[in-house]
Amino acid sequence: MRRKFVCGNWKMFKTGSEGADLVRELRQRVSTQAQIAVAPPFTALESVKQALAGASIQLFAQNCHFEKQGAFTGEVSAPMLKALGCDGVILGHSERRQHFGETDETVNKRLKAALEAQLHPIVCIGETLAEREANRTWEVVSRQIRGAFAGLDAATIARTTLAYEPVWAIGTGKTATTAQAQEVHAQIRGLLRELAGQAGADAIRIQYGGSVKPENAAELMAQPDVDGALVGGASLKADDFARIIAGAR
Ligand code: 13P
């Protein structure tokens, strides 16, 4: 039985003090067996960490560079995030692929750096609307997964979480139906059997992301291969995020 895992991706929202206020409210509201994390922008990590002291909510970053240090203006490394107290990091989000030139190859390098720094990675994958309409969903998603995990052995792959986020469902209010989500999640589980072995495939959590709301979260997460959620907009309100978490059983 996989433990459900719900992470709030704050994207480029919330200053340090706004973020601290949000998690102070959230921690009052959350009582769950599930794994819970928030991923604030880099500038809010420190104050959110302080506001989370003693809570079971984990702290994730939204990206990391693949080198440990160096002349990479504007970037932040995995060991730096670890030293700050981060538990994990989101990698390969579609917004990074779309706007910042991330490729399967750079996601693979960042994933290796995150694992080396003992950060728990959430690797994002998902097709665009044009790709879905051209019946290329599985071609794209399987290529992204194989690319992200290139050169990693089964035991290492088993230390990751995947997030299936169809790009057409992100921030659009258009959630994948439970059947659409489960179909792709089941295909992903099948590929994980090949890449990580039966035990690895059984252990790896596959989150769904894309317009997850209090109204649809429980039904999505009740699907056999949907092991949690990566939540954008609705994670910015303590009440909505707490209600989503309550749906993770
Ligand atoms: P929304 O929940 O705002 O659609 O965003 C999903 C997402 O991109 C989470 O990483």
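Residues numbered from 1 in each chain as written. Predicted model: local features only at pLDDT ≥ 70, side-chain atom pairs only at ≥ 80, totals over all residues. Heavy atoms only, no water.

**A few points about the site of the ligand**
Next, step 1: The ligand sits among Asn9, Lys11, His93, Glu165, Ala169, Ile170, Gly171, Gly210, Ser211, Leu230, Gly232 and Gly233.
Next, step 2: Interatomic distance of 3.0 Å between a side-chain N/O atom of Asn9 and an oxygen atom of the ligand.
Next, step 3: In the environment of the ligand, an oxygen atom lies 2.8 Å from a nitrogen or oxygen atom belonging to the backbone of Ser211.
Next, step 4: Protein burial of the ligand: of its 310 Å² of free accessible surface, 96% is covered by the chains.
Next, step 5: A breakdown of the residues in the shell around the ligand according to their chemical character gives three nonpolar, seven polar and two charged. (Near = heavy atom within 4 Å. Polar contact = N/O pair within 3.5 Å; in protein donor to acceptor, adjacent residues only side chain to side chain. Areas by Shrake-Rupley, 256 points an atom, 1.4 Å probe, with all protein chains shown as cover. Nonpolar A, V, L, I, M, F, W, Y, C, P; charged D, E, K, R; others polar.)

**As for the packing of helix H5 (residues 104-116) against helix H7 (residues 137-148)**
Next, step 1: Two elements in contact, H5 and H7, have axes whose closest approach is 8 Å; the angle formed by their N-to-C orientations is 40°. Between H5 and H7, the angle falls in the class oblique. As H5 packs across H7, the resulting crossing turns out to be right-handed. Here Asp104, Val107, Asn108 and Leu111 of H5 lie close against H7, whose contacting residues are Arg143, Gln144, Gly147 and Ala148.
Next, step 2: Within the contact of H5 with H7, the residues separate by chemical class into three nonpolar, three polar and two charged. (Axes fitted to C-alpha atoms, helices over the stretch in contact; angles between N-to-C directions. Helix = DSSP H or I, 4+ residues; strand = E, 2+ residues; numbered from the N terminus. Parallel < 35°, antiparallel > 145°, perpendicular 65-115°, else oblique. Left-handed = near helix turned anticlockwise from the far one by under 90°. Contact = heavy atoms within 4.5 Å.)

**Comments concerning the environment of Arg132**
Next, step 1: Inspection of the secondary structure assignment puts Arg132 in helix H6 (residues 129-133).
Next, step 2: Non-local contacts of Arg132, meaning those with residues more than four positions away in its chain, are made with Glu127, Thr137, Tyr164, Trp168, Gln180 and Val184.
Next, step 3: A polar contact of 2.7 Å, which involves the side chain of Arg132, links it to the side chain of Glu127.

**Structural notes on the pattern of salt bridges**
Next, step 1: What the rule picks out here adds up to 19 salt bridges.
Next, step 2: Among the salt bridges present, the one from Arg24 reaches Asp21, with a minimum N-O distance of 3.0 Å. Here Asp21 and Arg24 lie together in helix H1 (residues 16-29), a separation of three residues that amounts to about one turn.
Next, step 3: Overall, the relative accessible area of 43% leaves Arg24 in the partly exposed class.
Next, step 4: Of the charged contacts, one joins Arg243 and Asp240 as a salt bridge, the two residues approaching to 3.6 Å between their closest N and O atoms. A residue pair is termed a helical-turn pair when its members lie 3 or 4 positions apart in one helix, as Arg243 and Asp240 do in helix H11 (residues 238-246) at three residues.
Next, step 5: Given the relative accessible area of 18%, Asp240 is considered buried.
Next, step 6: Residues participating in the shared-partner salt-bridge network are Arg29, Glu215, Asp239, Asp240 and Arg243. (Salt bridge = Lys/Arg side-chain N within 4 Å of Asp/Glu carboxyl O. Buried < 20%, exposed > 50% of the residue type's maximum accessible area, 1.4 Å probe, protein only.)

**Overview of H7**
Next, step 1: For H7, with 12 residues, the first-to-last C-alpha span of 17 Å sits near the 16 Å given by 1.5 Å per residue.
Next, step 2: Those residues of H7 not exposed but buried are Thr137, Val140, Val141, Ser142, Gln144, Ile145, Gly147 and Ala148.
Next, step 3: Those residues of H7 that are buried lie in contact with helix H4 (94-99), H5, strand E5 (120-125), H6, strand E6 (161-164) and helix H9 (178-203). (Expected span 1.5 Å × (residues − 1).)

**A short note on the pairing of E6**
Next, step 1: Where burial is concerned, the two faces of E6 agree: the one with Thr161 and Ala163 and the one with Leu162 and Tyr164 are both buried.
Next, step 2: Pairing geometry for E6 and strand E7 (residues 206-209), over three bridges, is parallel. Note that in E7 the partner of Leu162 across the bridge is Ile206.
Next, step 3: After leaving E6, the chain enters H9 and then returns to the sheet as E7, a path that is right-handed. (Pairing = 2+ DSSP bridges. Right-handed = clockwise from strand over helix to strand, strands pointing away.)

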